[in-house]
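# An overview of the molecular structure
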Amino acid sequence: MIRGLVIGKFLPVHKGHIALIHFAAAHCDELIVSMSHRDDDVIKGDIRFEWIKTIFKDNPKIKPNSIPDDFDDPSLPLTERTKIWAEVMRKQYPKIDVLVSSEDYGDSFATHLAAKHISFDRERKMHSVSATLIREKPFRYWDFIPDVVRPYFVKKICFFGAESTGKTYMAKKMAEYFNTEYVPEVARELITSNDFTLDDILSIGKAQTERVLEKVKTANKILFCDTDVITTQIYSQYYLKTIPTLLIDLENKIHYDYYFLFDVDVPWVKDYLRDLGEKREEMSAIFKRALVLRGINPAFITGNYEEREILIKNLVIRNSNGRLNSGRNIKSSTVIQCR
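Residues numbered from 1 in each chain as written. Predicted model: local features only at pLDDT ≥ 70, side-chain atom pairs only at ≥ 80, totals over all residues. Heavy atoms only, no water.

## Description of the sheet that holds strand β2 (residues 30–37)
On the basis of which strands lie adjacent, the open sheet formed by 5 strands has the order β3-β2-β1-β4-β5 and parallel pairing. With partners counted over all chains shown, the strands left at the sheet margins are β3 (62–68) and β5 (116–119), one partner each. The mean inter-strand angle of the sheet, taken between neighbouring strand axes irrespective of direction, is 25 degrees. The sheet contacts of helix α3 (residues 78–92) involve β1 (3–8), β2 and β3, and relative to β1 the element is tilted by about 125 degrees. (Pairing = 2+ DSSP bridges. Helix = DSSP H or I, 4+ residues; strand = E, 2+ residues; numbered from the N terminus. Axes fitted to C-alpha atoms, helices over the stretch in contact; angles between N-to-C directions. Contact = heavy atoms within 4.5 Å.)

## Things to note about the confidence of the model for the protein
Residue-level pLDDT values for the protein average 91, and 94% of them are 70 or greater. Between residues 322–339, whose pLDDT stays under 50, and residues either more than four places distant or in other chains, the model counts 67 contacts. (pLDDT = per-residue confidence, 0-100.)

## A closer look at the packing of aromatic side chains
How two aromatic rings sit relative to each other is set out by the distance from centre to centre and by the angle between their planes. In this structure the tally under the stated criterion is 21 aromatic pairs. Residues Y177 and F178 carry aromatic rings whose centres are separated by 4.9 Å and whose planes lie at 80 degrees to one another, so their mutual orientation is edge-to-face. Judged by relative accessible area, which is 45%, Y177 ranks as partly exposed. Residues Y235 and F287 carry aromatic rings whose centres are separated by 5.9 Å and whose planes lie at 65 degrees to one another, so their mutual orientation is edge-to-face. Here the residue Y235 occupies a position in helix α10 (residues 229–240), and F287 occupies one in helix α12 (residues 280–293), the gap between them amounting to 52 residues. The same class applies to Y235 as to F287, namely buried. Members of the aromatic cluster, joined through ring pairs, are F160, F196, Y235, Y238, Y239, Y256, Y259 and F287. Over the face of the ring belonging to Y238 we find K241, whose NZ or CZ atom lies 5.6 Å from the ring centre. (Phe/Tyr/Trp six-rings, centres within 6.5 Å; stacked < 30°, edge-to-face > 60°. Buried < 20%, exposed > 50% of the residue type's maximum accessible area, 1.4 Å probe, protein only. Lys NZ or Arg CZ within 6 Å of the ring centre and 35° of its normal.)

## A word on the sheet that holds strand β10 (residues 299–301)
The parallel open sheet is built from 5 strands, whose spatial order is β7-β8-β6-β9-β10. Of all strands in the sheet, those with a lone pairing partner are β7 (181–183) and β10, marking the two edges. Averaged over all neighbouring strand pairs, the angle between strand axes comes to 25 degrees, with direction disregarded. Contacts from helix α7 (residues 167–177) reach β6 (155–160), β7, β8 (222–226) and β9 (258–262), with the element oriented near 165 degrees to β8.

## Points about the packing of α3 against helix α4 (residues 106–113)
One way to put it is that α3 packs onto α4 with a least axis distance of 8 Å and a crossing angle of 45 degrees. Accordingly, the angle class assigned to the pair α3 and α4 is oblique. In this structure, α3 meets α4 at a crossing whose hand is right-handed. Across the interface between the two elements, L78, T79, T82, K83, W85, A86, M89 and R90 from α3 touch S108, F109, H112 and L113 from α4. (Parallel < 35°, antiparallel > 145°, perpendicular 65-115°, else oblique. Left-handed = near helix turned anticlockwise from the far one by under 90°.)

## Thoughts on the pairing of β9
Most of β9 is tucked away: 5 of the 5 residues are buried. A two-sided burial pattern is seen for β9, the buried positions comprising Y258, F260 and F262 on one face and Y259 and L261 on the other. With 4 bridges connecting them, β6 and β9 associate as parallel partners. What sits directly across from I157, in β9, is Y258. Where β9 meets β10, 3 bridges bridge the pair, whose relative direction is parallel. The partner of F260 across the bridge, within β10, is A299.

## Considering the environment of D275
Secondary-structure assignment places D275 in the loop between β9 and α12. A residue is classified by how much of its surface remains accessible, and D275, at 32% relative accessible area, is partly exposed. The residues touching D275, leaving out its near neighbours within four places in the chain, are E163, N194, Y239 and W268.

## Points about the pattern of salt bridges
For the structure on display, the rule yields 16 salt bridges. Between R3 and E30 there is a salt bridge, with its nearest N and O atoms 2.9 Å apart. One end of the pair, R3, is in strand β1; the other, E30, is in strand β2, with 27 residues separating them in the sequence. By the burial criterion, R3 is buried, and E30 matches it. (Salt bridge = Lys/Arg side-chain N within 4 Å of Asp/Glu carboxyl O.)

Shown next, in the form of structure tokens:
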């Protein structure tokens with residue numbers, strides 16, 4: 001049996017990596033894909049490893065493995081470094097017959113492994129991308145990102161604020177304009193009045209969280225969210241005089257990249273859930289304070305509906321190829337740096 005090896009950090013795995021791995025698998029009977037990881041990696045190792053396992057789950061020939069990246073010494077010459085790598089690989093895996101790579105280290109590493117080296121797309125002519133480029137500007141290199149990885153890089157924008165300020169309208173409008181998904185205020189699907197119970201509010205929090213996690217899988221770069229679980233907490237405190245611990249836990253499951261705080265300077269429109277028209281300023285202050293307590297500086301959305309639409313579009317578009325800060329809760333000011 002011919003056993004092959006591909007190594008990498010896969011930060012993240014992209015279509016160039018996938019092509020390399022499929023090419024390598026065609027040259028052996030079993031292929032070990034060895035992903036190295038460190039605690040301080042910009043994308044957590046367990047997340048990356050799940051991506052790799054998911055992508056290749058239907059090919060039994062491909063064997064993903066994950067190992068700590070604690071054996072390299074970049075200060076050494078390349079030949080000495082690859083000698084150390086080979087020693088580690090021999091301890092970690094069965095005998096390797098073929099090494100497949102797109103890197104300069106290939107020949108030296110293969111020699112120390114006593115394996116044959118096969119080079120793949122060394123000049124990056126087939127896939128002109130790198131993991132670094134994707135991390136820095138994922139929107140620009142979106143087509144190189146596998147479907148299973150894309151949700152990680154989707155920028156989640158929360159429309160936040162008191163009732164009847166245009167959040168629902170703008171979420172739908174922006175999703176249509178940017179050809180993507182939006183998450184509605186799920187409470188409106190579950191209750192018909194504000195005479196709700198603690199069980200109701202817990203159901204709302206869980207459903208809102210689940211909907212975001214569902215929609216982020218199909219969103220096109222940006223996901224617009226009409227409300228969040230902080231909002232659920234605010235109304236739980238206002239109507240029920242308590243905030244269940246579960247709502248705090250649910251808040252921590254979703255990290256929105258940016259908050260847009262909607263002002264109350266548009267006409268209030270009553271409906272079956274809106275009953276705080278005379279307390280708009282009070283509620284607006286409560287929403288603002290909730291963000292301040294969390295250290296979140298939102299983009300402030302004001303003006304009539306037309307002005308709000310223009311403002312939101314400009315904020316999203318302005319830096320659409322800006323630097324990535326994925327997986328973190330960005331504390332934005334008034335300018336949105338889109339991924």
